[in-house]
Every structure is written in structure tokens, then in C-alpha cells.
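Listed here are the chains, written in short residue letters.
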Amino acid sequence: MTLMFILNSNDSTPLYKQLYNQIRAHVLSGKLPANSRLPSVRDLAAELSTSRNTIEGAYQELYAEGYLYSKQRSGYFVSALQQDASPLAPPPPRQRGRQPAPATRYVYDFHPARLDPQSFPAPLWRKCFLDALRASTGDLTQYGEGQGDWRLRSLLQDYLERSRGVSCAPEQIVICPGLQQSLDIVAHLLQAQHMAVAVEDPGYHLPRAVFHNHGFNVVPVPVKPDGLDLAALRASGCSVVYVTPSHQLPLGYVMPVANRLQLIDWADSGGKQIIEDDYDSELRYLGKPIPSLQGLRPLGNIVYLGTFSKVLSPALRLSYLVLPQALLSAYRDRFRDYFPTVSLLEQRTMVQFMEQGHWERHVRRMRILYKKKHDLLLQVIARHFGPGVKVVGQGAGLHVVLQLPDGNPGEAEILRRASLEGIHLFPFSATCASGESAVTRLLVGFGGMNAVEIEQGVELLSRLCD
Ligand SMILES: Cc1ncc(COP(=O)(O)O)c(C=O)c1O
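What you see is a predicted model; the values in this text were computed from it and never measured.

Quick look at the overall build of the protein now. Within the protein, the secondary structure is distributed over 15 helices and 15 strands. For the protein, the C-alpha radius of gyration of 24 Å lies close to 23 Å, the compact-globule estimate for 466 residues. Along the first, second and third principal axes, the C-alpha set of the protein runs to 75 × 65 × 40 Å. In the protein, which comprises 466 residues, the share counted as buried stands at 52%. For the protein, contacts bridging at least 24 residues in sequence account for 72% of all contacts bridging at least 6. Summed over all atoms, the accessible surface of the protein reaches about 21200 Å², with 52% contributed by carbon and sulfur.

As C-alpha cells, this is what we get:
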């Protein structure tokens, strides 16, 4: 292998990351062919006049992400990606013993929940973690507050008020490890008085599963560009509804204000409950941010849910819910004996991250980063798919939906072809209550891909849709 790597110690990117980036780029471009052997850690460290830790750090990360595989006593080798892009291809030979095989990697990953792989602010997070550790040592011998760290809840209350118009007290906020647990809590609180929950159709599959597992009757209600079908909601007999009003998942619609107000009136009429999932509110690229439903009726029957998964990291498992005053005493009764479910250190790290101003800077940075990807994606789609395709839900979030013209091969066939080409698509039909969509739609996430991957991936995808 004669490729050259250049490490620049004046660059703010850590050396191991620079090397990681260069090797990854060579693997993706095919300059480093499948099964070629990388230089030993010792040789490459000597060649680049750097420490073995730097080389080991880059190799380990590439290994963990599946770009490399290792053979006992022989070193690291390039995994088969572009050269044989099929994710169904046999995995590289596994090292016998402890390490698990690397997960399947796709060459073009259009999954809508992917974030930019370089975007996590690791050095800042490390610093905030150490600051949190120093400031919290006395508290680390205790469990912490069940509802979540008080300071984090206070910071969130302030942030949500400024950015989303949410009006609440820190007492109403519960820190959770993700939507699933937030919905678990809500389901526990509602199941004494409610039996049926309406969910958006098409919609996110997780709420359907959580409410179903809690014994609720789950009723799909159609979503249209002008909002949730309120006549269908009324006819459903449900007294709870789960909605994503600021950016409907998956169609990306913004619920118009008339529909919002009617929905709030519906909730006020006889003890109904709205669950508002504001999952990616930070990522709006066109127009003004859409204020939350909760902010329109702070004393209404609205549970507000938010997450750090879309802008910071889904791996942290850090989210929050805001309970309406009316559910607070039920929450306290029911969960009095429960312990916190999110690590105190992680919560305190987030406190440092917010108090030091990193969170809001990070949000701004991510909005710029994803807007660029979003705009590029739209240009590339227009170039390769042409005027026959309809793009739905652009202007926010981490994905758009493509509605294909008649005469396309259908979702199942496109997904089959895509998988053979190393393209990862999350099936749109999985968001439909019936499991199928009347027209062929593709969920095209762009968060995890760089500009080259967006260009190449969309071009390839457009050919598979003919
Ligand atoms: C509609 C919706 N809500 C919330 C989330 C985030 O969930 P969590 O906080 O569990 O990562 C997602 C993630 O993809 C989502 O699609």
C-alpha cells in the first residue's frame, strides 16, 4: 500500500481523527481496495512520526464502524464496501474470540435518523464531562432526583421558552433516556382514564408500539397537508392523540394554525389529551421556527416531548418531557419510588454544555451544516430524478420524501435493488398503519451523508427507480 497520509498538528481536528478521515475516504473511493492490508500500527506511527495511540485510535474507530476488519496477529484489512457493496455479502473473516463482528455498513445510508458522523463535539463534551465530574463528586455517591437534575430542568425550561414558546416550570419537566421511556411514562399516567390513542397515519412507528404494549387500542388517523384529519379523529372515539405538529414524521408537513387551534379545542372538550412530539424543532431551514402547540395553550391538556437526539447525539439517550399541571400529582403518586433513568454525570455534562453556551452554538452550527446538505440534496434530486418526482416535506429536519411518478418499479423492488447496491433506505411503508402506501414514496435521509455520498447516492438511486 503506497498511499500517503498527512497529519497536521496545527489543525484543531485530533490527529487520530485526521488519519481516520483520510483512510475512510480512501476506503470509500476504492483507493484502498477490499482486503488490502493496512500498515502495522508501529510502522505507520514511525512513518508519520506520531504516537502509536494515534494510529491505534484511527484503526479502532474504523474497525468499530466496519471499514476495517482484523485478523489475529496479521493486523487490519479493508472491509468489502464499494467493491462488493452488497450488505448481503458474507462478512469479513471474524477474529475468533472476544470481539463482535462489525455492524453492516452501507455505502449510501439514507436512513432518516442518521446524523453527520463528524458532528458530535467530542472535545467540548469531554471538557464539560470533566467540569461536571469536578463539580459533582459529592453527588456521585447518591442517586439524584428521580425526575432529573434540577439545574438541567431549569436550563431546559428557559431554553424551551425562548426557542419553542413552551411555557412551563422546571417541576413539570422529566428527564428521560429517549422517546420510548417518555411515552412509557405518559402511557402509565393515561391508562387509568383512557383506552384508545390516535396516531398519525403515516406516522412514527414507535408510539404505535409503546401504546399497543400498554394495552391501548391504537387507531390510525390520516395526515394531510392541511393537518390531522379532525373529523376522523372525532370519529375514532380516541381520547388521546400523538402528533408531530412542527414537522410531521414522515411527511414533513407543518400543522397549520387553524388545525392546531381546532386540535387544542378538541383536547379541551372533555378531558382529552394531546401528546406533542417536537423531536427536531431546531432544524428548520426556511421561514421562522414554528411555535409549539404547548405554547399556544400552556394550561391545556398537552404533554410536550423533546430530545437531544437530532442535533447532538442519539447515542447519549437524553430527552425530556413536559407534563401538564393536571398530570403532575398523578406523576408524583405513581413514580414516587422510581429512581432516575439517565446518568447524573451525563445530565450534569449537559448542564455544563448548556451553561457554557456550547449548546446554542452547536444548534446554530448544525442548522448551517444540515441546511447545506438539505439544499444540495434538493438540487441533486432535481438533476437526477427530473420533474416527474414530487419532493415532500423539504425545509426542515434530516430527510425529505420522494413521491415517484407512475410506472416506477414499486417500493419493494426499489428497496431490493438498493440493498444490492449498498444503499440503505428505511421503507416508507413501515410508517403506514396498513403497512403499504398507495403511491410509491421513498424516505430520503441526508444527515449521515457527505456531499459526495449525496451526489453519488442520489444518482444511483434515481437509476434504480426507472
Ligand atoms: C418522531 C420522532 N420522535 C422522537 C425521536 C427521537 O427519539 P429519541 O429521543 O428516543 O432518540 C425520533 C427519532 O428518530 C423520531 O423520529
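So much for the structure itself; the text now carries on.
Turning our eyes to something else, we now look at the site of the ligand. Surveying the vicinity of the ligand reveals the residues G178, L179, Y204, Y242, L249, D277, Y279, T307, S309, K310, R317 and S319. The backbone of L179 places a nitrogen or oxygen atom 2.8 Å from an oxygen atom of the ligand. Between T307 and the ligand, the recorded distance is 2.6 Å, taken from a side-chain N or O atom to an oxygen atom. Protein coverage of the free-state accessible area of the ligand, which is 400 Å², stands at 90%. Tallied by class, residues from the shell around the ligand come to five nonpolar, four polar and three charged.

Turning our eyes to something else, we now look at unusual backbone geometry. With omega at 0°, the peptide bond leading from D201 into P202 counts as cis. For P202, the location among the structural elements is in the loop between β5 (196-201) and α7 (205-213). In this chain, L249 is followed by P250 through a cis amide linkage whose omega measures 15°. Here P250 is to be found in the loop between β8 (240-243) and α9 (257-268). Phi is positive for N35, which is not a glycine, with a value near 70°. Here N35 falls in the partly exposed class, since its relative accessible area comes to 47%.

Time to look at the domain arrangement of the protein. For the protein, the assigned domains are domain 1 (1-92), domain 2 (108-113 + 361-464) and domain 3 (122-357). The C-alpha centroid of domain 3 is placed 40 Å from the C-alpha centroid of domain 1.

How each quantity is defined
- Counting restarts for each chain: residues are numbered from 1 in the order of the written sequence.
- The predicted nature of this model means local features are confined to residues of pLDDT at least 70 and side-chain atom pairs, given and counted, to a pLDDT of 80 or more, with totals for whole chains, interfaces and linings taken over all residues.
- Just so you know, side-chain values use all the structure's heavy atoms and leave hydrogens and water out.
- A helix here means a DSSP run of H or I that spans at least four residues, while a strand means a run of E at least two residues long, and both kinds are numbered starting from the N terminus.
- The atom set for the radius of gyration is the C-alpha atoms, and the globule formula is 2.2 Å times the number of residues raised to the power 0.38.
- Partly exposed residues are those whose accessible area sits between 20% and 50% of the maximum for their type, while under 20% is buried and over 50% is exposed, using a 1.4 Å probe and protein chains only.
- By definition in these notes, contact holds between two residues if any of their heavy atoms fall within 4.5 Å.
- Using the Shrake-Rupley algorithm and a 1.4 Å probe, accessible areas are obtained, with residue cover drawn only from the displayed protein chains.
- In these notes, residues near a molecule or strand are those with any non-hydrogen atom within 4 Å of it.
- N or O atoms closer than or at 3.5 Å make up a polar contact, with two conditions inside protein: a donor-capable atom paired with an acceptor-capable one, and, for residues adjacent in sequence, both atoms drawn from side chains.
- Lys, Arg, Asp and Glu make up the charged group, whereas Ala, Val, Leu, Ile, Met, Phe, Trp, Tyr, Cys and Pro make up the nonpolar group; the residues left over, Gly among them, are polar.
- Annotation comment: domain bounds sourced from an automatic or database domain assignment.

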